[in-house]
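Chain residues, written in single-letter form:
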Amino acid sequence: MADESLADDRYDVVVIGSGPGGYIAAIRAAQLGLSVACIDEHAELGGTCLRVGCIPSKALLESSAKVYDARHGFAEHGLKAQVEVDLAAMMKRKDKVVKTLTGGVRSQIKKNKNVPIQGRGRITGAGKVTVDSSDSKEPKDKKTGTRELTAERILLAPGTRPAPLPGVELDGERIGTSTEALAYSKAPGRLVVIGAGYIGLELGSVWQRLGSQVTVLEYLDRILPGMDTEIASAAAKAFTQQGIEIQLGRRVTAARRKGKNCVVESEGHDPITCDAVLLAVGRVPATDDLGLETVGIELDKRSFIPVDDAYQTSAPGVFAIGDAIGGAQLAHKAEEEGVACAELWVTGHGHVNYDAIPGVVYTDPEVASVGKTEEQLIEAGTEYRKGVFPHRANGRARAMGRVDGMTKMLVDAKTDRILGVHIIGPHAGDLIAEAVAAIEFGASAEDLYRTSHAHPTLAETLKEAALASAGRTLNL
């Protein structure tokens, strides 16, 4: 189809990528009065998070948790149940959740007068973006083919893709990444997960609950790298008790198909024969084929896009946010950067407190963290106090029959300011929000423990951990 150069293809901002960073930046920019086009090569907007990441994995975690609870937790409450898993129906529900939310993103973008364009966006020069949308299936977009957009600002939000591992032969079926593991047609008899981070443990939990024998192989000597070690150790114990086999210090050298099975090899250990392999050793920035060379942008040694404090790249008028610029690869971190970037353009002010970005692992028990870990404080030579409150002493946890968790608070020994909070237990991902707000506003442990908390609630564990940091717990 012939190239098109149309007058209405001039915008204040062109955003490449419709993930949580890109679409939120587009919406905020439009709210501030800028004309915006948001480009994505996929028909479903929302990026990896909505399509094949956060949302579908949480849908399956929720469904599989109900199966596990019915089989292992109901009896304690005097309930008897026999549960039969209809995996096809479970997957259909997951797909419906994804479709609803991706459709919601498209509606929000259009409602805010953004122009969604399907196609592969590439920078072709200063203020210029070419979109190859010849394969577009968007019925309302008749401008298919190659389009030339011009903009005062270009925002790059390309996200990431699964990291490869030498020797692991991905086939998109038996040996795959999280994308394949979100769509198995049946639970693998034995599933080997390579990597004990967020993704590996969450999807390993899903399939263990649904009947798979799960073995997790981790190169490091611990799970959940980056999380507080004490909390990560408690999580490893919990997962092992659930039946997940965790093998640490395993350097995987190969994974390949062998007949109807798969074989995973690791240095110094016997090969493992299994039915499926999930490669989950992290994600790498999707920064290739963006046309960065046309404006002189050079990637760093890890293929991230270097930016300054205003998310400006080395090229005038070109900005970048989200996973592709490094830091925590979290949807909400990208969202905060998208808002801050748009506000910097228009108001000159934008704010992201990187010490107040929470991380959550949606396993059971959930693991949540914000701020500094104990190891980071020790390494930095920071004087601190620690308060730990075990959930076995919490009334709500007792009533729930969920007493194996803990809430840990780290505070500055001199100022009493809260430096980090780490939680393992039910609803940890919700509980951490109070800690995030406390750190964002510079609260002290005393501020938190003098705040009334409803009884009986799990939130009381935060108050008690704050009290523990001062050596004055009330319920332990």
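Residues numbered from 1 in each chain as written. Predicted model: local features only at pLDDT ≥ 70, side-chain atom pairs only at ≥ 80, totals over all residues. Heavy atoms only, no water.

Caption draft 1: Focus on the overall build of the protein chain. Across its full length, the protein chain holds 13 helices and 22 strands. For the protein chain, the C-alpha radius of gyration of 24 Å lies close to 23 Å, the compact-globule estimate for 476 residues. With the C-alpha coordinates of the protein chain rotated into their principal frame, the extents come out at 70 × 60 × 45 Å. Considering the protein chain as a whole, with its 476 residues, one finds that 51% of them fall into the buried category. Within the protein chain, contacts between residues separated by at least 24 positions form 64% of all contacts whose residues are at least 6 apart in sequence. Of the side chains in the protein chain, 55 bear a positive and 63 a negative charge, and the two mean positions are spaced by 5 Å. (Helix = DSSP H or I, 4+ residues; strand = E, 2+ residues; numbered from the N terminus. Rg over C-alpha atoms; globule rule 2.2 N^0.38 Å. Buried < 20%, exposed > 50% of the residue type's maximum accessible area, 1.4 Å probe, protein only. Contact = heavy atoms within 4.5 Å. Lys, Arg positive; Asp, Glu negative; His and termini not counted. Charge placed at Lys NZ, Arg CZ, Asp CG, Glu CD.)

Caption draft 2: Spatial organisation of the environment of lysine 128. Tracing the backbone shows lysine 128 in strand β5 (residues 128-132). Overall, lysine 128 belongs to the partly exposed group, its relative accessible area being 44%. Spatially, the C-alpha atom of lysine 128 lies 25 Å from that of lysine 111, the residues being 17 residues apart in sequence. Setting aside residues up to four positions removed in sequence, lysine 128 forms contacts with Arg122, Ile123, Leu149, Thr150 and Ile154.

Caption draft 3: Structural context of the sheet that holds strand β9 (residues 190-194). Strand order in the open sheet made by the five strands is β8-β15-β9-β10-β11, with parallel pairing throughout. Across the chains shown, the open sheet's two edge strands, defined by having one partner strand only, are β8 (175-176) and β11 (245-248). Pairing of β8 with strand β15 (residues 276-279), which is carried by two bridges, proceeds in the parallel orientation. Note on β15: the bridge partner recorded for glycine 176 is leucine 278. Helix α6 (residues 198-209) contacts β9, β10 (213-218) and β15 of the sheet and is inclined by roughly 165 degrees relative to β10. (Pairing = 2+ DSSP bridges. Axes fitted to C-alpha atoms, helices over the stretch in contact; angles between N-to-C directions.)

Caption draft 4: Structural view of helix α7 (residues 229-242). For α7, built from 14 residues, the straight-helix expectation of 20 Å at 1.5 Å per residue is met to within 8% by its first-to-last C-alpha distance of 20 Å. Ile231, Ala232, Ala235, Ala236, Ala238, Phe239 and Gln242 are the residues of α7 that are buried. For α7, the angular spread of buried residues about the axis comes to 165 degrees, placing them on one side. Those residues of α7 that are exposed and aimed more than 90 degrees away from the buried face are Lys237 and Gln241. The inward-facing, buried residues of α7 contact α3 (54-72), α6, β11, β19 (366-371), β21 (406-412) and β22 (418-425). Capping the start of α7 is the job of one residue whose side-chain oxygen sits 3.1 Å from the backbone nitrogen of glutamate 230: aspartate 228. (Expected span 1.5 Å × (residues − 1). Arc of directions from axis to C-beta. Polar contact = N/O pair within 3.5 Å; in protein donor to acceptor, adjacent residues only side chain to side chain.)

Caption draft 5: The arrangement of the environment of arginine 93 in detail. Tracing the backbone through its elements, the reader meets arginine 93 in helix α4 (residues 87-111). Judged by relative accessible area, which is 41%, arginine 93 ranks as partly exposed. Taking the C-alpha atoms as reference points, arginine 93 and threonine 373, separated by 280 residues in sequence, lie 37 Å from one another. When residues no more than four places from it in sequence are discounted, the contact partners of arginine 93 are Ala59 and Ser63.

Caption draft 6: The environment of arginine 122, seen in detail. Looking at the secondary structure, you find arginine 122 in strand β4 (residues 120-125). On the accessibility criterion, arginine 122 (27% relative accessible area) is partly exposed. As for arginine 122 and tyrosine 184, which are separated by 62 residues in sequence, their C-alpha atoms are 34 Å apart. Dropping the residues within four chain positions of it, arginine 122 is found in contact with Ile16, Lys128, Val129, Thr130, Asp132, Asp289 and Leu290. Within the structure, the side chain of arginine 122 is placed 3.0 Å from the side chain of aspartate 289, a separation counted as a polar contact.

Caption draft 7: Looking closely at the side chain of asparagine 112. As for its position among the elements, asparagine 112 is in the loop between α4 and β3 (114-118). A distance of 2.8 Å separates a polar side-chain atom of asparagine 112 from the backbone oxygen of glutamine 108. Here asparagine 112 is in contact with Ile27, Ala30 and Gln31, once residues within four sequence places are set aside.

Caption draft 8: Focus on the sheet that holds β21. Taking strand neighbours across the sheet as the criterion, the five strands line up as β18-β19-β22-β21-β20 in an open arrangement whose pairing is antiparallel. At either margin of the open sheet sits one strand with a lone partner, and together these are β18 (359-361) and β20 (384-390). Each strand axis lies, on average, 10 degrees off the axis of its neighbour in the sheet, ignoring direction. In the sheet, β21 pairs with β22 via six bridges, with the strands oriented antiparallel. What sits directly across from methionine 409, in β22, is valine 421.

Caption draft 9: Looking closely at the nonpolar core. Leu149, Leu156 and Trp345 are the most contacted members of the largest nonpolar core, which has 51 residues in total. With seven residues, helix α1 (residues 20-31) is the single largest residue contributor to this core. Leave out the neighbours within four places in its chain, and tryptophan 345 touches Val13, Ala29, Leu34, Arg153, Leu155 and Phe319. In this structure, Leu60, Val206, Trp207 and Ile244 belong to the second largest nonpolar core, which totals 36 residues. (Core = buried A, V, L, I, M, F, W, Y, C linked by side-chain atoms within 4.5 Å.)

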